[in-house]
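Fold and geometry: a report
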Amino acid sequence: MRIGVRQAVFSANCFVAAMLALFVSFRLGLDRPFWAMATVYITSQPLTGAVRSKAVFRLLGTIVGASATVVLIPLLVNAPILLSLALALWVAGCQFVSLLDRTPRSYLFMLAGYTAALVGFPSVTHPEAIFQVAVLRAQEIGIGVTCAAIVHAVVWPRSVTALLRTRIQAVMGEAESWIVDSLAPEPLAHTDAKRRRLAGDVTELHVMATHVPFDTDAQRPTTAVLAALQDRLVLLVPLVSAVEDRIRSLSVLHALPAPVAALIDDVRRWVREPDSAAPAALVARGAALAADEPMRSWGSLLTANLLARLGELVVALDTARHVAVQATAPDTPMPEPVRALLRERQRRPLHRDYALAALSAAATAIAILGCCAFWIVAAWPEGAVAAMIAAVVCCFFATMDDPVPAQRGFLIWTAVSLPLTALYLFALLPLVHSFEMLALVLAPMLLIAGALLALPHWYGRMMPMIIGIAGGLALTNNFSADAVGFFNGSIAQLVGVAAAIFATRVFRSLGAGTAVRRLRRAGWRELADLASGPSSLAIASWKSRMLDRVGLLAARVGDVDQADRDVAMATLRDLRVGVNVAQLAPDGSDDNAALAALRNEIAVHFRNGDPDTTAIPASALLARIDAAIASAIDLPVSESRWNELAALTGLRRNFFPGAAPWEMRKEAA
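Reference entry: report on the structure contained in this document. (Residues numbered from 1 in each chain as written. Predicted model: local features only at pLDDT ≥ 70, side-chain atom pairs only at ≥ 80, totals over all residues. Heavy atoms only, no water.)

Here we come to the overall build of the protein chain. Along the protein chain, the regular secondary structure elements total 26 helices and zero strands. Here the protein chain has a C-alpha radius of gyration of 29 Å; the compact-globule value for 669 residues is 26 Å, and the two agree. For the protein chain, the spread of C-alpha atoms along the three principal axes comes to 95 × 50 × 40 Å. For the protein chain, with 669 residues in total, the buried portion stands at 54%. Excluding contacts between residues fewer than 6 apart, the proportion of contacts in the protein chain whose partners are at least 24 apart in sequence is 80%. Of the accessible surface of the protein chain, which amounts to about 27500 Å², a share of 63% is contributed by carbon and sulfur atoms. For the protein chain, the separation between the mean place of its 58 positive charges and that of its 53 negative charges on side chains is 2 Å. (Helix = DSSP H or I, 4+ residues; strand = E, 2+ residues; numbered from the N terminus. Rg over C-alpha atoms; globule rule 2.2 N^0.38 Å. Buried < 20%, exposed > 50% of the residue type's maximum accessible area, 1.4 Å probe, protein only. Contact = heavy atoms within 4.5 Å. Areas by Shrake-Rupley, 256 points an atom, 1.4 Å probe, with all protein chains shown as cover. Lys, Arg positive; Asp, Glu negative; His and termini not counted. Charge placed at Lys NZ, Arg CZ, Asp CG, Glu CD.)

Quick look at helix H5 (residues 106-120) now. A rise of 1.5 Å per residue sets the reference length of H5, with its 15 residues, at 21 Å; its end C-alpha atoms lie 21 Å apart and thus fit the reference within 8%. Counting buried positions over the 15 residues of H5 gives 14, a clear majority of the element. (Expected span 1.5 Å × (residues − 1).)

This part is about unusual backbone geometry. Most peptide bonds take the trans form, and the phi angle of most residues other than glycine is negative. Although it is not a glycine, Trp156 sits at a positive phi angle of roughly 45°. Relative to the helices and strands, Trp156 resides in the loop between helix H6 (130-154) and helix H7 (160-182). The phi torsion at Ala474 lies on the positive side, around 45°, for a residue other than glycine.

Time to look at the packing of aromatic side chains. What the rule picks out here adds up to 14 aromatic pairs. Considering the side-chain rings of Tyr114 and Phe396, the 5.7 Å spacing of their centres and the 85° angle between planes classify their relative orientation as edge-to-face. With Tyr114 in helix H5 and Phe396 in helix H15 (residues 383-396), the pair connects residues that are 282 residues apart, well separated along the chain. Look at Tyr114 and you get buried, because its relative accessible area is 2%. Here Phe396 falls in the partly exposed class, since its relative accessible area comes to 24%. Ring centres of Phe396 and Phe410 lie 6.2 Å apart, and the angle between their planes is 70°; this geometry places the pair in the edge-to-face category. Linking Phe396 in helix H15 with Phe410 in helix H16 (residues 404-428), this pair joins segments that are 14 residues apart in sequence. Positioned above the aromatic ring of Trp458, the side-chain terminus of Arg461 is 4.6 Å from the ring centre. (Phe/Tyr/Trp six-rings, centres within 6.5 Å; stacked < 30°, edge-to-face > 60°. Lys NZ or Arg CZ within 6 Å of the ring centre and 35° of its normal.)

On to the pattern of salt bridges. Tallied over the full model, the rule gives 15 salt bridges. Between Glu601 and Arg624 there is a salt bridge whose closest N-O contact spans 3.8 Å. Of this pair, Glu601 sits in helix H23 (residues 593-608) while Arg624 sits in helix H24 (residues 619-633), and the two are 23 residues apart along the sequence. The structure contains a network of salt bridges with shared partners spanning Asp245, Arg246 and Arg653. (Salt bridge = Lys/Arg side-chain N within 4 Å of Asp/Glu carboxyl O.)

To continue, consider the packing of helix H2 (residues 33-43) against helix H3 (residues 48-76). Taken N-terminus to C-terminus, the directions of H2 and H3 make an angle of 130°; their axes are 9 Å apart at the nearest point. By the angle between their axes, H2 is oblique relative to H3. In this structure, H2 uses Thr39, Ile42 and Thr43 to contact H3, whose residues at the interface are Val51, Lys54, Ala55 and Arg58. Split into classes, the residues belonging to the contact of H2 with H3 amount to three nonpolar, two polar and two charged. (Axes fitted to C-alpha atoms, helices over the stretch in contact; angles between N-to-C directions. Parallel < 35°, antiparallel > 145°, perpendicular 65-115°, else oblique. Nonpolar A, V, L, I, M, F, W, Y, C, P; charged D, E, K, R; others polar.)

Take the packing of helix H14 (residues 354-378) against H15 next. Running from N to C, H14 and H15 point in directions that differ by 170°, and their axes come no closer than 8 Å. By the criterion of interaxial angle, the relationship of H14 to H15 is roughly antiparallel. Facing Ala363, Thr364, Ala367, Ile368, Cys371, Cys372 and Trp375 of H14, the residues of H15 in contact are Gly383, Ala384, Ala386, Ala387, Ala390, Ala391 and Cys394. Among the residues making up the contact of H14 with H15, the classes are represented as twelve nonpolar, two polar and no charged.

What follows concerns H2. The buried fraction of H2 amounts to eleven of the eleven residues, a majority that puts the element mostly inside the structure. Taken as a whole, H2 has its buried residues at Pro33, Phe34, Trp35, Ala36, Met37, Ala38, Thr39, Val40, Tyr41, Ile42 and Thr43. Summarising the contacts, the buried residues of H2 are in contact with helix H1 (5-28), H3, H5, H6, helix H17 (435-453) and helix H18 (456-473).

Tracing the backbone through its elements, the reader meets Phe57 in helix H3. We classify Phe57 as buried; its relative accessible area is 13%.

Keep in mind these numbers describe shape, not what the thing actually does.
Next comes the structure, spelled out in structure tokens:
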């Protein structure tokens, strides 16, 4: 939380870029140089690649949004209600697409949305100038992002790639430490904390990876490699949980064979010391031990399942290590398994919550329309400010589970900026008669705010404050201090933020626990479809979306209460259930009556059950699983029989972790 050299340099860069943007705008005679100054601070990030990323998408989004106003304003300016509706729907539609996109490109759609509000609403009183205003907005934003990108790239640039390499090495070390603890003979208390830490690390890597394509480092990894690494790290979470569960189950039964225990110890040693064994040899040992299992008792079934999952874990960690090498040293020759993984990743569909995106868009539209209605009815001259600020605040925080606390902070710090803005506007700026004096007067406030902006805990406070000051000062070539205009504009800003908070609270706000439950319900719907009629294409798409959901859930585990945390952790079992269901019918067809009945029962459970609880399914499902196990045991020895029994064992353990051990004689009776 201290301001160090990095923060001081970042603040100085922001100030120099802002003054450069102001100077260029003044010299070109542009009408609203303060747009360029504010853009510098909105675009600036501690990492150089992040600045470039935001600069590119901000400029493109501005051009798209400004172009929309050029079309809408002249057509509908004589119909205020229709124009308000059109602009509100444009902003909401862009926000809807932005929330569904879930890539760095989403920033472009968000900017396209609220830029239309920023340009369109103030222009309704002079529609004949809309084209000039739109071009001016694009020019000012272009100047701002260009100045920010140049200054941050020239003065002590901080590479995203260099920092990412360090974080990847640290995250891999933390993942390996967690795996070693999870495979310990006795359960350790801190494994759950390490699992949550790994989830947070993966989220951090995702945020950093979005800026890598714009980084200054010549040897930077591709986006596909970084996404594949995140996938492998997320996949470790359910795999390690499954292996840990099987080890504990066998320990309770006192049925963990000595050769299997020795293999687990060797895997732990390999996790700590990668050169201690060959991954292929460990997998082969596990397969050989599984082949020797008689598969006639619950203990032997659990052992076979443990060996299968342990082999998957070894492969997953080995692949993660290879991908991590590609991410930290992109010039290293790429192994074929990594190439295959990248080809698979390029076709990966992600989880999309259409209903939540629609609710967010609806809240934004309602906030804007509410401000417009008050503006039209009251004939308030500053009503345009309220409408455009409502659009900006709704869009800024739309990706959060509950945007209201952040929006409330935006309101507070916007209010804090008003007295400082008034001090500058009415006491200091009237004394300024040159650009040099203007820079000197602005320096104390902007340098302090810029240094705090570099601290994550202060970013959400300083950004609304800087935006409020830049908008309140409204620096132009023809300076004038209008007390009435300032007062009305300040009230309009606060009204706009308040409207955004109200609409979000009523129509959109949900906590991390609700987000966890929504994610699990989406998974259950797809699990029901998967059990009803699996196909190779459906299974591949389901795995992709389910892995994505596990990552989204893992990032929220630390922010929810124990009940919702149990639901989130149960989703890890849902992932394993889906994998087991897919293993029962890998080709999408199955003539086995017992398996067909089981899959139908699983589909009924996921379609009619309550995903918001961790309750045990109906006993009829347990009977179906036990009957399918008994039927599979009588099949001739083959790889398909082994896979089927391993999948059925996993289903029984995941659905009924507390059930009595399966016994063959009960089925015979």
